[in-house]
Amino acid sequence: MTERILQDIHDEIFRLDDWGTPAQYIPELACIPPRQFAISVCLANGDCLNAGASDRPFSIQSVSKVFSLAATLGRFGDQLWSRVGREPSGTSFDSVVLLERENGRPRNPFVNAGAIVTTDVLLAGRQPKQALAEVLGLIRAMAETDDIHINDKVATSERLTGARNKALAHYLQSHGNLQNEPDLTLGTYFHQCAIEMTTRQLALAGRSLARLRAGPNVISPRHARRINALMMTCGHYDGSGEFAYQVGLPGKSGVGGGILVIAPRVASIAIWSPGLNLYGNSHAGTRAAAMLAQTTCWSVF
């Protein structure tokens, strides 16, 4: 694996010039120019290779669900699994359909309803600042840097426009699957999604999930294995099957255009391009992940 491979992927993405559309329902993200791309790969030998805007921070959005899940499993795993399932949804990330059909129990912790319940579990006996500090502290420990922060403007933008998430939270509450007041849980959730990272930082943070010897072992092997399984089956919502088919690796996307991809014991990969496809996943980033998998023959299959 060389940096030349990443540069070739970068050049091909710009040659194709097909970017998708940034998330329009979050004003702070809607105005981001889509013609941007970054990719970072951390290898088992300690090398971290980069191409494109790998030092530009972006809103990780739902990629943060990987880290909030890791924090929750470490403290409240049994409680979480009593309230959230582990199956693919086959619906969009903010759908209320399955919640109604399945009595307020989200299919998995990566759809918005499941992530809201995960945040609610993590809030047990604590204030939002404490829960956020735990998630942010975990990410910083995994990436081995303190230069990772929450963008308050993005969090406010989500709070002001997050009617669908508010509906999900109140529906969860109506089924007794929310222990805190919806506004308290949602405020914490919106700030968690507004964490900003670069692809380089995100790839570094993924080393623990990939079980790379060169990285910090912040997450236990048991939890890493389970998170990777959920990333493979549920990490791209109703596009998860297509991502598994094209890439063959666990991955988690976010509507900020980021994707964290894990090649177990081989590499941790972070990709960013803010334009989205019809599933709400990075359009150019998804194609770049497929290019990388094809070039390197990395796959769990």
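Our structure's up above, just so we're on the same page.
Since we're looking at a predicted model, the values are computed, not measured.

Undergrad: Mind showing me how you'd approach the environment of Thr199 here?
TA: Turning to its location among the elements, Thr199 is positioned in helix 10 (residues 199-205). Excluding anything up to four places from it in sequence, Thr199 contacts Ala38, Ile39, Ser40, Ser54, Phe58, Ala270, Ile271 and Trp272. Side-chain polar atoms of Thr199 contact the backbone oxygen of Ser54, separated by 3.5 Å.

Undergrad: What should I look at first to understand the pairing of strand 2 (residues 48-52) in this one?
TA: Consecutive residues of a regular strand have side chains that alternate between opposite faces of the sheet. In terms of burial, strand 2 is a largely internal element, four of the five residues being buried. Here five bridges tie strand 1 (residues 38-43) to strand 2, and the two strands are oriented antiparallel to one another. For Ile39, the partnering residue across the bridge sits in strand 2 and is Ala51. Once strand 1 ends, the chain turns through four residues before running back antiparallel as strand 2, passing Gly46 with a positive phi of about 100°.

Undergrad: Quick question: what am I supposed to make of the pairing of strand 7 (residues 258-263) here?
TA: Burial analysis of strand 7 places six of its six residues in the buried class, the great majority of the element. Residues Gly258, Leu260 and Ile262 of strand 7 are buried on one face, and the alternating residues Ile259, Val261 and Ala263, pointing to the opposite face, are buried as well. Of the pairings in the sheet, the one linking strand 6 (residues 251-253) to strand 7 comprises three bridges and is antiparallel in character. Opposite Ser253, over in strand 7, you have Ile259 as the bridge partner. Where strand 6 folds back on strand 7, the antiparallel hairpin that results is connected by four residues, among which Gly257 adopts a positive phi of roughly 100°. Between strand 7 and the antiparallel strand that follows it, strand 8 (residues 267-272), lie three residues; Arg265 among them carries a positive phi value of about 65°.

Undergrad: Sorry, what's going on with the sheet that holds strand 4 (residues 149-150) here?
TA: Two pairing modes exist for strands in a sheet, parallel and antiparallel, and in both the strands are linked by backbone hydrogen bonds. Read across the sheet, three strands follow the order 3-5-4 without closing on themselves; strand pairing throughout is antiparallel. Because the sheet does not close on itself, it has two edges, and the strands there are strand 3 (58-59) and strand 4. Bridge count for strand 3 against strand 5 (residues 195-197) is two bridges, and the pairing is antiparallel. Of the residues in strand 5, the one forming a bridge with Phe58 is Met197.

Undergrad: Looking at this structure, I do not really get the nonpolar core. What am I missing?
TA: Nonpolar side chains tend to gather and get buried jointly when the protein is soluble and globular. Judged by nonpolar contacts, the single largest core of 60 residues is most densely connected at Phe67 and Leu209. No other element matches helix 3 (residues 64-81), which puts nine residues into this core. When near neighbours in sequence (up to four residues on either side) are disregarded, Leu209 contacts Val66, Met142, Ile219, Ala224, Ile227, Asn228, Met231, Leu260 and Ile262. The next biggest cluster of nonpolar side chains, apart from the first, holds 27 residues, and it includes Ile13, Phe243, Ala284 and Leu292.

Undergrad: Before we go on, may I ask you to explain the environment of Leu123 in this structure?
TA: Structurally, Leu123 can be placed in the loop between helix 5 (112-122) and helix 6 (128-143). In this structure the C-alpha to C-alpha distance between Leu123 and Pro274, which are 151 residues apart in sequence, comes to 30 Å. The residues contacting Leu123, other than those within four sequence positions of it, are Pro128, Ala131, Asn180, Leu184, Thr185 and Thr188.

Undergrad: Got a minute to help me understand the packing of helix 7 (residues 152-161) against helix 9 (residues 182-193) in this structure?
TA: Orientation of helix 7 relative to helix 9, taken along the N-to-C sense of each, is 135°, at an axis distance of 8 Å. With respect to helix 9, the axis of helix 7 lies oblique. When you trace helix 7 past helix 9, the crossing you get is right-handed. Contacts from Asp152, Ala155, Glu158 and Arg159 in helix 7 reach Phe190, His191 and Cys193 in helix 9. Here the contact of helix 7 with helix 9 is composed, by residue class, of three nonpolar, one polar and three charged.

Undergrad: Which parts of the structure should I look at to understand unusual backbone geometry?
TA: Most peptide bonds are trans, and most residues other than glycine sit at a negative phi. If you check the backbone angles, Gln61 has positive phi at about 50° while not being a glycine. Within the secondary structure layout, Gln61 lies in the loop between strand 3 and helix 3. Residues other than glycine seldom take positive phi values, yet Glu144 does so here, at roughly 55°. With respect to the helices, strands and loops of the structure, Glu144 is situated in the loop between helix 6 and strand 4.

About the criteria used
- Residues numbered from 1 in each chain as written.
- Predicted model: local features only at pLDDT ≥ 70, side-chain atom pairs only at ≥ 80, totals over all residues.
- Heavy atoms only, no water.
- Helix = DSSP H or I, 4+ residues; strand = E, 2+ residues; numbered from the N terminus.
- Contact = heavy atoms within 4.5 Å.
- Polar contact = N/O pair within 3.5 Å; in protein donor to acceptor, adjacent residues only side chain to side chain.
- Buried < 20%, exposed > 50% of the residue type's maximum accessible area, 1.4 Å probe, protein only.
- Pairing = 2+ DSSP bridges.
- Core = buried A, V, L, I, M, F, W, Y, C linked by side-chain atoms within 4.5 Å.
- Axes fitted to C-alpha atoms, helices over the stretch in contact; angles between N-to-C directions.
- Parallel < 35°, antiparallel > 145°, perpendicular 65-115°, else oblique.
- Left-handed = near helix turned anticlockwise from the far one by under 90°.
- Nonpolar A, V, L, I, M, F, W, Y, C, P; charged D, E, K, R; others polar.

Nothing here speaks to function; it is all geometry.
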